[in-house]
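Each chain, written out:
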Amino acid sequence: MTQATVSSAQSTIQPVIQTKSFTPSDIDRIFKAQKKKSLELRLSTYKQRIQKLKKLKEVIFKYQTQVQEALHKDFRKSAAEVDITEILPVIGELNDSIRHLKHWMRPVNVYTPPTLFGSTSKLVYEPKGVCLVIAPWNYPFHLAMAPVAAAISAGNTVMLKPSEFTPHTAVILKQMLGEVFAEDEVAVFEGEVSVSTALLEQPFDHIFFTGSTPVGKIVMAAAAKHLTTVTLELGGKSPSFVAEDADIALTAERIMWGKFLNAGQTCVAPDYLLIPESKVDEFVSQAKKATEKFFAQKEGNFSESKDFCRIVNSKNHARVSSYIEDAVQKGAKVAFGGDVKADQNFIAPTILTNVPLNARIMEDEIFGPLLPVVTYKSTDEALQIINDRPKPLALYIFTKSDSTAKYVLKRTSSGGAVVNDVMLHLVNPNLPFGGVNHSGHGSYHGHYGFKTFSHERSVLKTPKASIVKLMYPPYTGFVRKLVDLTTKLFV
C-alpha cells in the first residue's frame, strides 16, 4: 500500500472509537481462564509453539494494509515508516524465534562440583504462566506484538493492554490476535487507564511494561503487592556525544534520522547533543541539509511531508511545544525549525543551540522532534553532564578513535550504546534490549525475550550413593577431617 491510498489531508485529531468496556469481573473471569490454560501450555512442544508463531506471522501480513491505515489515523504515520518501524521488526522477531526455539527450549547441562560427585545439574526453561503486557502509544503495533510473540514462544498466556492514545491500532490488534488465539490464551483489553488499573489488581506471574518512568514506578508498586516479576522498558534522556574528531556530515545525517523518525517519539531517540563549541555551526548546517533532504518538499516546509508524522495528541503537543518556549526564555536559540501548528499536532524538526542545563528540555525526556545542543570544553566535562543525570536507555558516541569510544563507554552507564550511529542496536536480536535503573529493568529481543518470559529452573539429580552422606551427623572426628579436606581441595 502506498501513502497515496491514505488521505494526506486527514486530521490527526480523530473521532473517539467505541471500544468494549471491560469490568473487573470480565478481567477476573479471563484471568482465571488463562490461569487454567497456562497449566496446559506448560506441556507444549517447540513444534506447537512454532505453529502459533507462524500463524501470527501470517495474520500480520494479512492485516498489513489495515495496520498502516490505523497508524495513519492515530498520528499520521506514513505507510513506509509503519513497515520499517512497526511491521518489519516484529517479523524479524518471529523469524528469529521460529528458527531457534527448538534450541532455546532444550535443558542446559551445567558443571557439577566434586563435592556433589555423581550428581548431574541442568537448567530447565519453563513458562512463567499468565503474563500482562502493557504497550505504549509511540510504536503501538511493534511494542505490543514483540513482547506478545516472546511470551508465546516461552509458552505463556497473555493479557494485552494497548494504549488508549492509539485506539485505531488497538482495534486492529484485537482483531488480529483474535483470529489466532482464543481469549484463554491471548486476550486484548482496550480502554482507558481504569482498565490498566483493574488489570494490575490481578496476581500475574509476570508483567511486561513499556512506557514512561513515572508510570513504570506505579506498575512496579502494583506488582510488589503480589511479588510479581516485572520487565520495565522505560526511557530517559539518551545523549549523543560528538567528539572533536567526528565526521560531522555523517554524524549529523545519522542523528537527524534517529531524532526525527516517528517525530522524535522514540524511547531511544537521541535526546540531546554534546558537542565541542567549534563544531556547532558545522553541525547545524549539515543537520539542516540532511533534515530537508529527508522531509522538506521545499526549503523549511516540513508540514507537507508525507513522511513526517505528527505528535500523538494535543496534550503531548502542548507539552513538547512548551519546551521550545521555556528554552528560548532561558537564552536558547532556535537554529532551525521551530514551526508549530496546534490544529495538526505538528511540530517541525527543530534544533536549539545555547541551551542552558536548567531548561526543562534538559530535565524531561522530550519525546518529540526537538534536539537541544549543549557544548563542552573537555570530554570529562561532557561525561560529567551525562553522569549527573539518571542512567539513560541509550548512549551514542561519534568519533573516529577507538580509544575515545572506549574511554566514554568505561566512564558512563546506559542500557545500550552505539558507536557512530543511533538506535541500530535494536535491530540485532543477539543483543539484549533494555534499560538500567531509571531507564528500565530487564531486557528482551531474540533469545533474551524468550528468557524474560521463562523461569530458569535449577534441577539437580543425585544418585543413590551420594558422597554428601559421608558428612551427615553425628559429626565425628572422621567427618571433621573430611570437611576440612573438602574445604581445602574443592571449595
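Predicted model, so just to flag it, every value in this text is computed and none were measured. (Residues numbered from 1 in each chain as written. Predicted model: local features only at pLDDT ≥ 70, side-chain atom pairs only at ≥ 80, totals over all residues. Heavy atoms only, no water.)

So, the overall build of the protein chain
The condition that has to hold: Working definition: helices are DSSP H or I runs of at least four residues, strands are E runs of at least two. Numbering for both runs from the N terminus. Both definitions apply: the radius of gyration is a C-alpha atom measure, and the globule rule equals 2.2 Å times residues to the power 0.38. Accessible area is worked out with a 1.4 Å probe on protein chains only. A residue is then buried under 20% of its type maximum, exposed over 50%, and partly exposed in between. Contacts between residues were defined by any pair of non-hydrogen atoms, one from each residue, lying within 4.5 Å. Throughout, the Shrake-Rupley method with a 1.4 Å probe supplies accessible areas, and for residues the shown protein chains are the sole cover considered. Charged residues are defined narrowly, with Lys and Arg counted positive, Asp and Glu counted negative, and His plus the chain ends left uncounted. By convention, charge coordinates are those of NZ in Lys, CZ in Arg, CG in Asp, or CD in Glu.
Regarding its fold elements, the protein chain presents 15 helices and 18 strands. For 491 residues, the compact-globule estimate of 2.2 N^0.38 gives 23 Å, and the protein chain sits close to it at 26 Å. The principal-axis extents of the C-alpha atoms in the protein chain amount to approximately 85 × 55 × 40 Å. In the protein chain, which comprises 491 residues, the proportion classed as buried is 52%. Partitioning the intrachain contacts of the protein chain with sequence separation of at least 6 by distance along the chain shows that 73% fall at a separation of at least 24. As presented, the protein chain carries roughly 22,200 Å² of accessible surface, and 56% of it is formed by carbon and sulfur atoms. Considering the protein chain, the positive charge centre built from 57 side chains and the negative charge centre built from 48 side chains are found 10 Å apart.

Points about helix α2 (residues 46-62)
Threshold: Working rule for helices: expected span equals 1.5 Å times residues minus one.
Between its first and last C-alpha, α2 extends 24 Å over 17 residues, near the 24 Å set by a 1.5 Å rise per residue. All of the buried residues in α2 are Arg 49, Ile 50, Lys 52, Leu 53, Leu 56, Val 59 and Ile 60.

Quick look at the side chain of Asp 326
Secondary-structure assignment places Asp 326 in helix α11 (residues 314-329). When its relative accessible area of 11% is taken as the criterion, Asp 326 is described as buried. Beyond its immediate sequence surroundings of up to four residues, Asp 326 is in contact with Ala 359 and Arg 360.

Let's talk about the nonpolar core
Rule in force here: To qualify as a nonpolar core, a set must consist of buried Ala, Val, Leu, Ile, Met, Phe, Trp, Tyr and Cys residues joined through side-chain atoms within 4.5 Å.
Phe 141 and Phe 283 are the most contacted members of the largest nonpolar core, which has 87 residues in total. At nine residues, helix α5 (residues 142-153) tops the list of elements feeding residues into this core. The contacts of Phe 141, once residues within four sequence positions are left out, are Ile 60, Val 67, Leu 71, Glu 86, Ile 87, Val 90, Thr 169, Leu 173 and Met 176. Counting 28 residues, the second-largest nonpolar core is a separate cluster that includes Ala 243, Ala 327, Ile 347 and Ile 385.

Points about unusual backbone geometry
Pro 474 follows Pro 473 through a cis peptide bond whose omega is 5°. In this fold, Pro 474 is placed in the loop between β18 (454-461) and α15 (477-489). Positive phi values are uncommon outside glycine, yet Phe 367 reaches one of about 55°. Backbone geometry at Asn 420 places phi at a positive 65°, although glycine is not the residue there. Relative to the assigned elements, Asn 420 resides in the loop between β16 (416-419) and β17 (440-441). Take Asn 420: its relative accessible area is 26%, and that puts it in the partly exposed class.

Considering the sheet that holds strand β14 (residues 370-376)
Note the following rule: Paired strands, in this sense, are two strands between which DSSP finds at least two bridges. Angular values range over 0 to 180 degrees, each being the angle between N-to-C directions of two axes fitted as lines to C-alpha atoms, with helices fitted over their stretch in contact.
Spatially, seven strands are ordered β10-β13-β14-β9-β8-β15-β16 in an open sheet, and the strand pairing comes out mixed. Where the open sheet ends on each side, the last strands, each with one partner, are β10 (333-336) and β16. Averaged over all pairs of adjacent strands, the angle between strand axes in this sheet comes to 25°, irrespective of strand direction. In this sheet, strand β13 (residues 350-353) lies alongside β10 in antiparallel orientation, the contact comprising three bridges. Looking at β13, one finds that Val 334 is bridged to Leu 352. Those strands touched by helix α13 (residues 402-410) are β8 (239-242), β15 (394-398) and β16, and its axis lies near 155° from that of β15.

A word on the sheet that holds strand β3 (residues 130-134)
The strand order β5-β4-β3-β6-β7-β17 describes an open sheet built from six strands, whose pairing is mixed. The sheet is open, and its two edges are formed by β5 (186-188) and β17, each paired on a single side. Taken together, the five bridges between strand β6 (residues 206-210) and strand β7 (residues 229-233) define a ladder with parallel strand orientation. Considered in β7, the bridge of Phe 209 is made with Leu 232. The strands touched by helix α1 (residues 24-41) within the sheet are β3, β4 (157-161) and β5, with β4 carrying the most contacts at an inclination of about 145°. Contacting β3, β4, β5 and β6, α5 crosses the sheet at an angle of about 170° to β4.

Structural notes on the environment of Leu 177
Tracing the chain through its elements places Leu 177 in helix α6 (residues 167-180). Sequence separation of Leu 177 and His 226 is 49 residues, and the distance between their C-alpha atoms is 28 Å. Dropping the residues within four chain positions of it, Leu 177 is found in contact with Leu 56, Met 145, Val 148, Leu 160, Val 186 and Val 188.

A few points about a nonpolar patch on the surface
Under the convention used in this document: Only residues whose relative accessible area exceeds 30% and that form no salt bridge are eligible for patches; like-charged ones are grouped when within 9 Å, while nonpolar side chains (Val, Leu, Ile, Met, Phe, Trp, Tyr) are grouped when within 5 Å. Any Lys or Arg side-chain nitrogen found within 4 Å of a carboxyl oxygen on Asp or Glu counts as a salt bridge.
On the surface, Phe 117, Ile 467, Val 468, Leu 470, Tyr 472 and Phe 478 cluster together to form a nonpolar patch covering roughly 620 Å² of accessible area. Relative to the assigned elements, Phe 478 resides in helix α15. We classify Phe 478 as exposed; its relative accessible area is 54%.

A word on the packing of aromatic side chains
The relative placement of two aromatic rings is captured by the distance of their centres and the angle of their planes. Keep this limit in mind: Each pair of aromatic rings taken from Phe, Tyr and Trp, with Trp reduced to its six-membered ring, is defined by centres within 6.5 Å and is described as stacked if the planes are under 30 degrees apart, edge-to-face if over 60, and tilted in the remaining cases. Look at NZ for Lys and CZ for Arg. If either is within 6 Å of the ring centre and within 35 degrees of the ring normal, a charge sits over the ring.
Within the structure shown, the criterion is met by eleven aromatic pairs. Pairing Trp 104 with Phe 450 gives two aromatic rings, centres 5.8 Å apart and planes at 40°, and the pair type is tilted. Taken as a pair, Trp 104 in helix α4 (residues 79-105) and Phe 450 in helix α14 (residues 446-452) lie far apart in primary sequence, 346 residues in all. Exposure class is identical for Trp 104 and Phe 450. Each is buried. Through a chain of ring-to-ring contacts, three or more aromatic side chains come together here, namely Phe 208, Phe 433, Tyr 444 and Phe 453. The residue whose ring lies beneath Lys 341 is Phe 346, and the NZ or CZ to ring-centre distance is 6.0 Å. The cationic tip of Arg 411 hangs over the ring face of Tyr 407; the distance from NZ or CZ to the ring centre is 3.6 Å.

Some points on the packing of helix α3 (residues 64-75) against α4
A pair of packed helices can be characterised by two numbers: the angle between their axes and the separation between those axes. Test applied: Note on angle classes: values under 35 degrees are labelled roughly parallel, values over 145 roughly antiparallel, values of 65 to 115 roughly perpendicular, and the remainder oblique. Think of it as three bins: nonpolar holds Ala, Val, Leu, Ile, Met, Phe, Trp, Tyr, Cys and Pro, charged holds Asp, Glu, Lys and Arg, and polar takes everything else, Gly as well.
The interhelical angle for the contact between α3 and α4, taken along N-to-C directions, is 110°, at an axis separation of 9 Å. Classified by the interaxial angle, the pair formed by α3 and α4 is roughly perpendicular. Mapping the contact onto sequence places Gln 64, Val 67, Gln 68 and Leu 71 in α3 and Ala 79, Val 82, Asp 83, Glu 86 and Ile 87 in α4. Taken together, the residues of the contact of α3 with α4 sort by class into five nonpolar, two polar and two charged.

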